[in-house]
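Chains, contacts and geometry: an overview
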Amino acid sequence: MVKLLLLLLCTVYPDAVIPEDADEEFLYRINYYLEHPVDINTAGMNELLDVPFMSVEVAREIIKLRREEPFTSVDQLLLIDEVTPLMFIRLKPFFRVRRKKGPPPSGYTYLVKGIYPFPDTAYDWSPEKLYLRVNLRKNIDAGIVIEKDYYERNYFDYFSGYVSFRGFLFGNFDISEGLGLVFGRPGYFYRPAGFPETRRGILPHLSTFESGYFSGIVFQNYFFTPFVSYSYLDATLNDSTFNHYTSGYHRTGTEMDKKNAVRETFVGAILRYSGFTLAGGIPVYTPVGPTTSSYLPIVSISLSRQIGGYTGIMEIGYSNGYTGGILIKTPIGLQVLYRYFADDFKGLRTSPLAPEEGLYLYMERKVLEVKASGFIDFVRSDSGEYVFEGNIMGVWPVLKGTRLIIRWDGSRTRSGLRGEIVFRRRNKFIKLRLQGVSSGNERGYGGYITAGVRGDLSVEFRYCIFTTPSFNSAIYFYENNLPGEYSIIPLYGDGYRFYMLLREKNTGVYLRTGVTLRDGIQAKIGIAISK
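Overview of the structure. Small disclaimer: the values here were computed from a predicted structure and weren't measured.

Here is what the cut-offs are and how they apply
Residues numbered from 1 in each chain as written. Predicted model: local features only at pLDDT ≥ 70, side-chain atom pairs only at ≥ 80, totals over all residues. Heavy atoms only, no water. Helix = DSSP H or I, 4+ residues; strand = E, 2+ residues; numbered from the N terminus. Buried < 20%, exposed > 50% of the residue type's maximum accessible area, 1.4 Å probe, protein only. Areas by Shrake-Rupley, 256 points an atom, 1.4 Å probe, with all protein chains shown as cover. Pairing = 2+ DSSP bridges. Phe/Tyr/Trp six-rings, centres within 6.5 Å; stacked < 30°, edge-to-face > 60°. Lys NZ or Arg CZ within 6 Å of the ring centre and 35° of its normal. Core = buried A, V, L, I, M, F, W, Y, C linked by side-chain atoms within 4.5 Å. Contact = heavy atoms within 4.5 Å.

The next thing to look at is the overall build of the protein. In terms of helices and strands, the protein carries seven helices and 31 strands. Taken across its 531 residues, the protein has 49% of its residues classed as buried. Summing over all exposed atoms, the protein offers an accessible surface of approximately 25700 Å²; the carbon and sulfur share of this is 60%.

We now examine the pairing of strand β31 (residues 521–530). As judged from the eight bridges shared by strand β3 (residues 107–118) and β31, these two strands associate in the antiparallel manner. Paired with tyrosine 116 across the two strands is isoleucine 525, which belongs to β31. Alignment of strand β30 (residues 509–517) against β31, held across nine bridges, turns out to be antiparallel. For tyrosine 510, the partnering residue across the bridge sits in β31 and is alanine 528. Where β30 folds back onto β31 in an antiparallel hairpin, the turn is made up of three residues, including aspartate 519, whose phi is positive at roughly 55°.

One pass over the full model with this rule turns up 22 aromatic pairs. Considering the side-chain rings of phenylalanine 189 and phenylalanine 195, the 5.5 Å spacing of their centres and the 65° angle between planes classify their relative orientation as edge-to-face. Look at phenylalanine 189 and you get buried, because its relative accessible area is 9%. Judged by relative accessible area, which is 6%, phenylalanine 195 ranks as buried. Pairing tyrosine 360 with tyrosine 362 gives two aromatic rings, centres 6.5 Å apart and planes at 5°, and the pair type is stacked. Here a set of aromatic residues connected by ring pairs shows up, and it is made of Phe173, Phe183, Phe214, Phe227 and Phe266. Over the ring of tyrosine 131 we find lysine 113, and its NZ or CZ is 4.3 Å from the ring centre. The ring of phenylalanine 214 carries the charged tip of arginine 349 above its face, separated from the ring centre by 3.8 Å.

Bringing the pairing of strand β24 (residues 428–439) into the picture now. For strand β23 (residues 415–425) and β24, the ladder comprises eleven bridges, and the chain directions are antiparallel. By the bridge assignment for β24, arginine 424 is matched with phenylalanine 429. Two successive antiparallel strands, β23 and β24, enclose a turn made up of two residues, where arginine 426 displays a positive phi of approximately 55°. Of the strand pairs in this sheet, β24 and strand β25 (residues 442–453) are connected by twelve bridges, and their pairing is antiparallel. Paired with glycine 436 across the two strands is tyrosine 445, which belongs to β25. Counting the residues that bridge the hairpin from β24 to β25 gives two residues, and of these glycine 440 lies at a positive phi of roughly 65°.

Glancing now at the nonpolar core. Core analysis: the biggest nonpolar cluster contains 41 residues, and Phe173, Ile175, Phe183, Phe227 and Leu337 have the highest contact counts within it. Sorting the residues of this core by element identifies β3, β6 (158–165), β7 (168–176), β9 (214–219), β13 (262–273), β18 (334–341), β19 (358–367) and β29 (493–504) as the ones contributing at least two each. It is β7 that provides the largest number of residues to this core, a total of three residues. Among residues more than four places away in sequence, those in contact with phenylalanine 227 are Phe173, Ile175, Phe214, Ile217, Val218, Phe266, Val267, Gly268, Ala269, Ile270 and Gly280.

That is the geometry; function is a separate question.
As structure tokens, then:
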């Protein structure tokens, strides 16, 4: 009943849906599902799990409830115990209730984009970044991504694709199980937003993370999923020492020498029963691999349980060394996460957590009209000491169409305070932000004004000003970008920055430019076409 009352206070702002540190695959899905909401009554399990911020537990409850009686409103998501009011705010824009019965939509989507930086003298090769993505969802499910990053020589430097049909998946894929301690989908852990809801199981690899994915064949079954992978890894080889190279850049001779230097053959399987999951296999590295782990098994055992509004996930694993963790989510918005990695643990696919020991606490609440959230994370350093990082944020809708945001971030070496006010009137908006940073004896300051209009032709402008002594006290601003791109720009020294983003809805054309004036001009211009 309390959640239904809070429904009256839930106002969704599209820009608030997107976290400030999201990988390009996640941003692509956010943009896609904002434009193409899922029918909550007809979407299958895989389509539900593809929705941003969706969890396995909520997806199962949606299917269970609609079997009893179809949803008549997206607001009925609040009837699910696991859906807190703040989770509802994140999920609501991606769903709809179709008034006419019929099969779910199918077809194809594509995204083409190119970005050119100025000046272009950093490396020897051509500076532009190019990207193509195509998805097909009809009788089969298929997709392909091709990317050339900045200053790479080969226009087909990276490509990834898959075909899925009748339970079989051929091509590139990720495995995500438990907390991702051993098998995780490439991504980031953005601490101010809580531990991410992740889709678990076999997932097609269509992100531009160029390391850690599998390449082969999978037979997908809920209880037993065998797989075989034959892939190449970027690495350096020195005697019997194996060092994984994860940036994906191939611009210099040194970087090119690491490309595809190790071949990995991986045979494994996933077993599931009543909330328990056992995932594992044996990797073989050739021509040279780490003598301590080339032929040793990699294993993950996880358990997921929901009791009322509580969700618990526990995982223990082994990959040359031991790891373990437990996550508890409560209906009052509290999350508690503990993770441990032994010093000799070597995980090529640990994600989104970093291989470190730590205790993470996150809390989010909505009291009357104020949304408050915060976290504190204690992490064990190499010296054995525990260092902390924390954050507190409050969002207050002071007037109709106006909200105030106050946020403090702090750690052992750096702290910051920022305030932001957002004005909205129908399809128009203005944002004002002031921000200060303290790092050691340095103090940095910055601010911006953003204005925009949303409609068939959407336009967004921003003008920034900043002053900081050095990079240590840099000001970081998140910027909206082309679909599938994300920008968190470090601004340091004394200067100005401007960016503009245009989008034509009917043609799916995007145009963006960003210019920084500091000791000269640095700029990027990009264009994208999306369907």
